[in-house]
Amino acid sequence: MIKQSIIENVLEAALSTGGDFSEVFIEDKFMNMMELQGGKIEKSISGRDFGIGIRIFSGLQSIYTYTTDFSEEGLINAAKRAALAIKGGGSGTIHPLQKETVSAIHKIVQMPQTVEHARKAAVMKKANEIARNYDARIKQAELRYIDEEQNVLIANSEGKFVEDTRVHSRLSIQAIASDGIEMQTGFYGPGAHAGFEFIENLDLNHYAGEAARIAVTMLKADECPSGKFPVIIDNEFGGVIFHEACGHGLEATSVAKNNSVFANRIGEKVAPDIVTYIDDGTLPNEWGSLNIDDEGEKTRKNVLIEDGILKGYLVDKFNARRMNTEATGSSRRQSYRFNPTSRMTNTYIAPGKSMPEEIIASTEHGIYAKYMGGGSVNPATGDYNFAVAEAYLVKDGKIDRPVRGATLIGNGAKTLQLVDMVGNNLGHGAGMCGSISGSLPVNVGQPMIRVSEITVGGTKGE
Amino acid sequence: MTINEFQEKLLAEAMGTGFKEAEVYYEKSESFRVMTFKGEIDSYETSEEGGLGFRGLYNGKMGYAYTEKIEEASIAFLIDGAKANAEVLDEDDGTDIFKGSETYAKHNFYSEELAQVPTLEKIELIKSIEAKVYAYDPRIVTLNYCALQDFSEERVMANNKGLSLNEKQNGLIIFISAVVKDGEEMKTGSCIKMTRNFAELDAEAIAKEVAEEALSSLGERSIPTKKYPIIMRHDASASLLATFAPVFSAENTQAGQSLLKGKVGEKIAADTFMLLDDPSHPDAISGSNFDGEGVATQKRAIVSNGTLETLLHNRKTAKKDGVVTTGHARKSSYKSTLTIAPLNMYIAPGNKSKEELIASVEEGIFITGLAGLHSGASTVSGDFSLAATGFHIKDGKIASAVKQMTIAGNFFDYLKDIVETGADLEFMPGGYGSPSLVVKELSVTVD
């Protein structure tokens, strides 16, 4: 993307004031986005993002600059300007760049840039038909298709020189149901680190049908009661609760500065024996997967909690310095516009032994959260919240009527302690995670889980 | 190749290859951000970036493409891309390229003084705020965020119909979040300041505000779960307004995704409720004299005395509804297609101070923050169920911080249930503003 000699000069200019590490991140990304509304493709845009991020470390200080000016002069000037923020100190050295080959774990069959828009539109229209035909009360469907081909080149003063191509494809389906007075929505958004083959092979009957079914079901749902209940959270995207409740608290971004309830607790029991929590960027073609992270490190399987014991954190190169540990292949950024930091990839709770039917049958009175919406967490305190997209009451071990407006709140560390059943049906769900280094594709996953008590906020009193 | 050469060549080539009309939209921006941690610079970021969006009418349909790589080869990329995107559209976009308004306001959104403030002074300010927060109270254990950011940007819009507009703006934002601990109880409190006037930033006052915000939330208590009268503090109210702003978009009513469809001229809120949009409000940090299509912007009432006066339109939705555009076309960046959004939408202030509002509530909840807005609120149904932070009001006085809670209701009912509006209007960085509001009641669930 940019000549090696220029990169070497930039890395050197970045260390000209005494920094001890410099890095160049070059990104050349092609994207296509299309939106369908009212059965018609109403929006379609393509684009190319191109820019360069330069990072310098000096001890525990991190300097970041980025630019869209790709001339050698422009880049050297940007590096020198950034280096001015460092006041003297040591003298960093540049190791000769050694080109690494990336072993592509995630096979891409059809690069989206080579696929005509019409074929993409055809899938959207088919999904729209399925959603619209599901029920007369489905009045609208809104579909969004997005593909991205992100080419990155990462080089640093330690001699790293590596290139990779990341391909993401996603189809989001929102169905809107109305009975003439009220409106409710249902959503499903499958995505993968894969090419157009993923979109063409999607089981549209399942995904579009589910989006429509949720919207119609919620139309006839009662108001959710509020109070403290046992909560059964179904598999796949249900894992978003642990993404918020403990995943963020295990990122070095907050751990390194002691801004996490999980800081300094390696080896401690933080969850019941039945809980094992893993972040794995190597799962083939999963939405949150990567061959290499955004510092050029190979992604890996990081066991964070094993049989309830805290085993590790997600660590990036900079925070590794503060923590005096090694990076874990977890450094990510949305684009060259962001200074990378430790983030999740595909995070999930490992499968347990309980059958889903058994979990429901053993719950006398509670809430069954079939599909989750999104949520957020305050990493310093671990207090989280998230919305349930499709919920039911559970009565006498059976799924009872649907309820709407359920929001779960609690504290991550405490909720983790209250997991009392883990199912055997692990599934992954695709989502976008927003944090300090931007919005990223991540998978959240789990088998069906039961938590003995969560505070459920609803509109109906106890 | 300079950007001017690039733009001229692009427009000329587009017109020669089948586009009937074409427009370029260019943005260039610079930013600086510094974060401190325990007296040291933890991170220091600078940027210089630019990108160009192209749209053109091809076979009656509007195609879009953008690039951040300004080089000869990108001209073909943009033209081919925009054509391919136009071709896949199912119908005429219903709009064309705008030739320009007759006159434009000349509000200034750029401060030369701010641009001249030396970097060192900005770093000293944020360091001094950090030190003052730590010194304020021993229960302040750390700052999980202590950042100062400034930005400046320039936008240029030019088309084949002779329109040529440009605008500069800048601003500075400070964001601080402190963690306090008392025994086992841990809380955070944050504060955001934005300005174009560096001299008005008072380190002492900012430190006090964030420290008090965090410390006051200690000593939390649980209270019964039920419906309570609510006071939404100005910032919580502005964030709820921002979340539900899409219900006022004509794009959403036309797509059958907003319950305000067909409600223009009808009563949708309490009599005292006034909702305005002012693209040049002096208290907001963003502003513009023209919208994303080049239409001159102006201050407008959206809801007046509870009656919906107008929806937000761009030229396409206005044509469909047989009205005149309200200048709400939004191009959030050169990477975006046109959509609809307000610029500085705010609820008009009333006369009562925050203290008077609190005194007017015998028992209720004073909400200071909302979380989960991206997932716990539906602009389609109007339903919301959100995590909230705040205080229990008893006998017209703040009694104690409340444990984690959720508040739930429906935005359309909420608008009708507004009882009183405070005088403390403030804008948030996103361009939404509100005073504190008293609302009849919402369902409150407490941990």
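Residues numbered from 1 in each chain as written. Chains lettered and ligands numbered in written order. Predicted model: local features only at pLDDT ≥ 70, side-chain atom pairs only at ≥ 80, totals over all residues. Heavy atoms only, no water.

**Student:** When you look at the nonpolar core in this model, what are you seeing that I'm missing?
**Tutor:** The nonpolar side chains of a soluble globular protein tend to be buried, and buried together. Judged by nonpolar contacts, the single largest core of 58 residues is most densely connected at Ile7 of chain A together with Ile129 and Ile174 of chain B. Broken down by element, this core gets its largest block of residues, seven residues, from helix α5 (residues 203-215) of chain B. The contacts of Ile129 of chain B, once residues within four sequence positions are left out, are Ile174, Ile176, Ala203, Ile206 and Ala207 of chain B. (Core = buried A, V, L, I, M, F, W, Y, C linked by side-chain atoms within 4.5 Å. Buried < 20%, exposed > 50% of the residue type's maximum accessible area, 1.4 Å probe, protein only. Helix = DSSP H or I, 4+ residues; strand = E, 2+ residues; numbered from the N terminus. Contact = heavy atoms within 4.5 Å.)

**Student:** How should I be thinking about the sheet that holds strand β23 (residues 438-446) of chain A in this particular structure?
**Tutor:** One key point about sheets: their strands pair by backbone hydrogen bonds, in either a parallel or an antiparallel sense. All names here are of chain A. The strand order across the open sheet formed by six strands is β13-β12-β11-β16-β23-β22, and the pairing between neighbours is mixed. Unpaired on one side and paired on the other, β13 (309-310) and β22 (427-435) mark the two borders of the sheet. In the sheet, β22 pairs with β23 via nine bridges, with the strands oriented antiparallel. Looking at β23, one finds that Ser435 is bridged to Gly438. Here helix α6 (residues 240-247) sits on the sheet in contact with β11 (277-280), β16 (346-349), β22 and β23, set at roughly 115° to β23. (Pairing = 2+ DSSP bridges. Axes fitted to C-alpha atoms, helices over the stretch in contact; angles between N-to-C directions.)

**Student:** It is not clear to me how the sheet that holds strand β20 (residues 432-434) of chain B should be interpreted in this structure. Could you clarify?
**Tutor:** Residue and element names in this part refer to chain B. The mixed open sheet is built from six strands, whose spatial order is β10-β9-β8-β13-β20-β19. Of all strands in the sheet, those bounded by a partner on one side alone are β10 (307-308) and β19 (426-427). With two bridges joining them, strand β9 (residues 300-304) and β10 adopt antiparallel strand pairing. Residue pairing across strands places Ser304 opposite Thr307, the latter belonging to β10. Contacting β8 (275-277), β13 (345-347), β19 and β20, helix α6 (residues 234-244) crosses the sheet at an angle of about 135° to β20.

**Student:** Looking at this structure, how should I read the side chain of Thr415 of chain A?
**Tutor:** Residue and element names in this part refer to chain A. Summarising the element assignment, Thr415 is placed in helix α10 (residues 412-417). At 2.8 Å, the side chain of Thr415 and the side chain of Tyr384 are in polar contact. Residues contacting Thr415, with those up to four places away along its chain left out, are Ile241, Tyr384, Val451 and Ile454. (Polar contact = N/O pair within 3.5 Å; in protein donor to acceptor, adjacent residues only side chain to side chain.)

**Student:** Could you clarify how one ought to interpret helix α2 (residues 73-88) of chain B in this entry?
**Tutor:** Three or four residues apart is the spacing at which side chains of an α-helix point the same way, because the helix has 3.6 residues per turn. With 16 residues, α2 of chain B extends 23 Å between its outermost C-alpha atoms, agreeing within 8% with the 22 Å of an ideal straight helix rising 1.5 Å per residue. Residues Ser74, Ile75, Leu78, Ile79, Gly81, Ala82, Lys83, Asn85, Ala86 and Val88 of chain B constitute the buried set of α2 of chain B. (Expected span 1.5 Å × (residues − 1).)

**Student:** Help me out: how do you make sense of the pattern of salt bridges in this one?
**Tutor:** Where charged atoms from two side chains of opposite charge come close, those side chains can pair. This structure, assessed with the given rule, holds 55 salt bridges over all chains. With its nearest N and O atoms 2.2 Å apart, the salt bridge here joins Lys9 of chain B to Glu72 of chain B. Of this pair, Lys9 of chain B sits in helix α1 (residues 3-16) while Glu72 of chain B sits in the loop between β3 (61-67) and α2; the two residues are 63 residues apart in sequence, bridging distant segments of the chain. Take Glu72 of chain B: its relative accessible area is 45%, and that puts it in the partly exposed class. Measuring nitrogen to oxygen at the nearest pair gives 3.2 Å for the salt bridge that ties Lys352 of chain B to Glu420 of chain B. Residue Lys352 of chain B is found in the loop between β13 and α9 (354-359), and its partner Glu420 of chain B is found in strand β18 (residues 418-421); the two are separated by 68 residues along the sequence. With relative accessibility at 30%, the residue Lys352 of chain B sits in the partly exposed group. Overall, Glu420 of chain B belongs to the partly exposed group, its relative accessible area being 25%. Through salt bridges that share partners, Asp49 and Arg337 of chain A together with Glu49, Glu68 and Lys335 of chain B make up one connected network. (Salt bridge = Lys/Arg side-chain N within 4 Å of Asp/Glu carboxyl O.)

**Student:** Looking at this model, I keep getting lost on the interface of chain B and chain A. Mind explaining?
**Tutor:** One frequently used descriptor of interface size is the decrease in accessible area upon assembly of the parts. Contacts between the two partners involve 74 residues from chain B and, on the opposite side, 73 residues from chain A. Summed over both sides, the interface between chain B and chain A buries roughly 5,900 Å², with carbon and sulfur atoms accounting for 50% of that surface. The three residues of chain B that bury the most area against chain A are Glu68, Lys69 and Gln404 of chain B, which together make up 10% of that side's buried surface. For the pair chain B and chain A, the number of links is ten salt bridges. A salt bridge links Arg337 of chain A to Glu68 of chain B, with the nearest nitrogen and oxygen atoms 2.8 Å apart. In terms of residues, the side of chain B that touches chain A owes the most to one element, strand β2 (residues 40-58) of chain B, which gives ten residues. Split by residue class, the side of chain B that touches chain A holds 27 nonpolar, 30 polar and 17 charged. Pairing geometry for strand β3 (residues 61-67) of chain A and β2 of chain B, over six bridges, is parallel. Across the sheet, the residue bridging to Tyr66 of chain A is Ser47 of chain B, located in β2 of chain B. (Buried area = accessible area lost by both parts, 1.4 Å probe. Nonpolar A, V, L, I, M, F, W, Y, C, P; charged D, E, K, R; others polar.)

**Student:** Help me understand the pairing of β16 of chain A in this model?
**Tutor:** Each regular strand carries side chains that alternate between the two faces of the sheet. Residues and elements named next belong to chain A. A two-sided burial pattern is seen for β16, the buried positions comprising Asn346 and Tyr348 on one face and Thr347 and Ile349 on the other. Across three bridges, β11 lies against β16 in antiparallel orientation. For Ile278, the partnering residue across the bridge sits in β16 and is Tyr348. Looking at chain direction, β16 and β23 are connected through three bridges and run parallel. By the bridge assignment, Tyr348 is partnered in β23 with Gly445.

**Student:** Just checking my understanding: could you explain the packing of helix α3 (residues 117-134) of chain A against helix α5 (residues 204-219) of chain A for this structure?
**Tutor:** Residues and elements named next belong to chain A. Following both chains from N to C, one finds α3 and α5 inclined at 40°, their axes separated by 8 Å at the closest point. Relative to α5, the element α3 lies oblique. Where α3 crosses over α5, the handedness of that crossing is right-handed. The residues of α5 that touch α3, namely those facing Val123, Lys126, Ala127, Ile130, Ala131 and Tyr134, are Leu204, Asn205, Ala208, Gly209, Ala212, Arg213 and Val216. Grouping the amino acids of the contact of α3 with α5 by side-chain chemistry returns nine nonpolar, two polar and two charged. (Parallel < 35°, antiparallel > 145°, perpendicular 65-115°, else oblique. Left-handed = near helix turned anticlockwise from the far one by under 90°.)

**Student:** In this structure, what is going on with the environment of Gly94 of chain B? I would like to understand it.
**Tutor:** Residues and elements named next belong to chain B. Structurally, Gly94 is set in the loop between α2 and α3 (112-116). The spacing of Gly94 and Gly60 is 34 residues in sequence and 8.6 Å in space, taken between C-alpha atoms. Here Gly94 is in contact with Lys316 and Lys319, once residues within four sequence places are set aside.

**Student:** Please explain unusual backbone geometry as it appears in this structure.
**Tutor:** For residues that are not glycine, phi is negative in most cases, and the peptide bond is trans in most cases. Non-glycine residue Asn285 of chain A carries a positive phi angle of around 60°. Among the secondary structure elements, Asn285 of chain A is positioned in the loop between β11 and β12 (301-306). For Asn285 of chain A, a relative accessible area of 23% gives the class partly exposed. A positive phi angle is found at Lys38 of chain B, which is not glycine, with a value near 50°. In this fold, Lys38 of chain B is placed in the loop between β1 (19-37) and β2.

**Student:** When you look at the packing of aromatic side chains in this model, what are you seeing that I'm missing?
**Tutor:** Inspection of the entire model under this criterion finds 21 aromatic pairs over all chains. Note on Phe411 of chain B and Phe412 of chain B: the rings are 6.1 Å apart at their centroids and 70° apart in plane angle, and the pair reads as edge-to-face. Judged by its relative accessible area of 11%, Phe412 of chain B falls in the buried class. Three or more aromatic residues joined by ring pairs make a cluster, and in this case those are Phe244, Phe384, Phe411, Phe412 and Tyr414 of chain B. The ring centre of Phe37 of chain B lies 4.8 Å from the NZ or CZ of Lys257 of chain A, which sits over that ring. The ring of Tyr25 of chain B is capped by Lys331 of chain B, whose NZ or CZ atom sits 5.6 Å from the centre of that ring. (Phe/Tyr/Trp six-rings, centres within 6.5 Å; stacked < 30°, edge-to-face > 60°. Lys NZ or Arg CZ within 6 Å of the ring centre and 35° of its normal.)

**Student:** Looking at this model, I keep getting lost on the packing of α1 of chain B against α2 of chain B. Mind explaining?
**Tutor:** Residue and element names in this part refer to chain B. Following both chains from N to C, one finds α1 and α2 inclined at 45°, their axes separated by 10 Å at the closest point. Considered as vectors, α1 and α2 are oriented oblique to each other. Considering how the two elements wind past one another, α1 and α2 form a crossing that is right-handed. Between α1, through Phe6, Lys9, Leu10, Glu13 and Ala14, and α2, the contact on the second element is made entirely by Ser74, Ile75, Leu78 and Ile79. Partitioned by chemical class, the residues of the contact of α1 with α2 number six nonpolar, one polar and two charged.

**Student:** Help me understand the environment of Gln298 of chain B in this model?
**Tutor:** All names here are of chain B. Tracing the chain through its elements places Gln298 in the loop between β8 and β9. When its relative accessible area of 45% is taken as the criterion, Gln298 is described as partly exposed. A C-alpha to C-alpha distance of 13 Å links Gln298 and His313, two positions 15 residues apart in sequence. Apart from residues no more than four positions distant in its own chain, Gln298 is found in contact with Asp277 and Pro279.

**Student:** How should I be thinking about α1 of chain B in this particular structure?
**Tutor:** Residue and element names in this part refer to chain B. The first and last C-alpha atoms of α1 sit 20 Å apart over 14 residues, in line with the 20 Å expected at 1.5 Å per residue. Buried residues along α1 sit in contact with β1, β2, α2 and β4 (140-159). Count one or two residues on from α1 and you reach Gly18, which has phi positive near 105°.

Such coordinate-based values are descriptive only and should not be taken to indicate function.
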